[in-house]
Amino acid sequence: LEPKEEFEHSSLAVDVMRPRRSDPALAVLTQEGMTVGEVEALVESTHYSGFPVVVGTFVFIYNGRKRQEGVVSSSQVVFTEHTPSQAPDAPPPLRLRGIMDLSPFTVTDHTPMDITVDIFRKLGLRQCLVTHNGRLLGIITKKDILKHMAQITNRDPDSILFN
Ligand code: ADP
């Protein structure tokens, strides 16, 4: 990414994050109560590579998919450390805690983009979550930033390199 002058337009995180107002809502998973079938349906209905996992007001990012022994569509998806008690005849749960980013970076919707870009650079982030009053609002990926910069500087996104 080029120096900060490119953000003289004083863009804020809310200007770069997805979803835009007209887009479908942010696709999220919940920590409890989802089955493998439900998670798969969500993953297949979108092209996103990450999904915030909502736990009360906390959020994590779930990246990827995984198969575990005996897991079927009706298996519960478990993002917690300990498996919640299940009916004795329930199929084994799918445990996903191990592949979650447990401390995704978060900025507020009013964080200036020059600061956000600095953080992306310094921490080597690929995505970050955007909140408003502590509630999850959206997501910003590295590519979203590159596209936004290309737009305001009228350049080809491919010509703007990170680092
Ligand atoms: P990339 O931006 O590298 O292509 P993704 O494929 O994950 O990364 O995301 C594609 C677009 O969808 C981006 O604009 C991103 O902000 C948005 N996006 C990513 N994850 C979600 C999600 N869970 N819900 C809604 N939009 C998302």
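Preceding this paragraph is the structure being described.
Please read all numbers here as calculations on a predicted model, not as lab measurements.

Focus: the site of the ligand
In step 1: Taken together, 13 residues form the shell around the ligand, and within it Arg 18, Ala 27, Ser 49, Thr 141 and Asp 144 come nearest.
In step 2: Within the contact set of the ligand, an oxygen atom lies 3.3 Å away from a side-chain nitrogen or oxygen of Lys 143.
In step 3: Asp 144 places a side-chain nitrogen or oxygen 2.4 Å from an oxygen atom of the ligand.
In step 4: In the complex, 82% of the free accessible area of the ligand, which totals 530 Å², lies under the protein chains.
In step 5: Where the shell around the ligand is concerned, the elements lending two or more residues are β2 (51–55), β9 (135–141) and α4 (142–153).
In step 6: Looking at the shell around the ligand, its residues break down into six nonpolar, four polar and three charged.

Observations concerning the sheet that holds strand β7 (residues 106–108)
In step 1: Reading across the sheet, the three strands line up as β7-β8-β9 and stay open at both edges, with mixed pairing between neighbours. In this open sheet, the two edge strands, each paired with only one partner strand, are β7 and β9. Strand after strand, the sheet turns through a mean of 35 degrees between neighbouring axes, direction not considered.
In step 2: Bridge analysis of strand β8 (residues 127–132) against β9 gives six bridges, and the strand direction is antiparallel. Across the sheet, residue Val 130 finds its bridge partner in β9, namely Gly 138.
In step 3: Against the sheet, helix α3 (residues 113–123) engages β7, β8 and β9, with an angle of about 65 degrees to β9.

The rules behind these values
Residues numbered from 1 in each chain as written. Predicted model: local features only at pLDDT ≥ 70, side-chain atom pairs only at ≥ 80, totals over all residues. Heavy atoms only, no water. Near = heavy atom within 4 Å. Polar contact = N/O pair within 3.5 Å; in protein donor to acceptor, adjacent residues only side chain to side chain. Areas by Shrake-Rupley, 256 points an atom, 1.4 Å probe, with all protein chains shown as cover. Helix = DSSP H or I, 4+ residues; strand = E, 2+ residues; numbered from the N terminus. Nonpolar A, V, L, I, M, F, W, Y, C, P; charged D, E, K, R; others polar. Pairing = 2+ DSSP bridges. Axes fitted to C-alpha atoms, helices over the stretch in contact; angles between N-to-C directions. Contact = heavy atoms within 4.5 Å.

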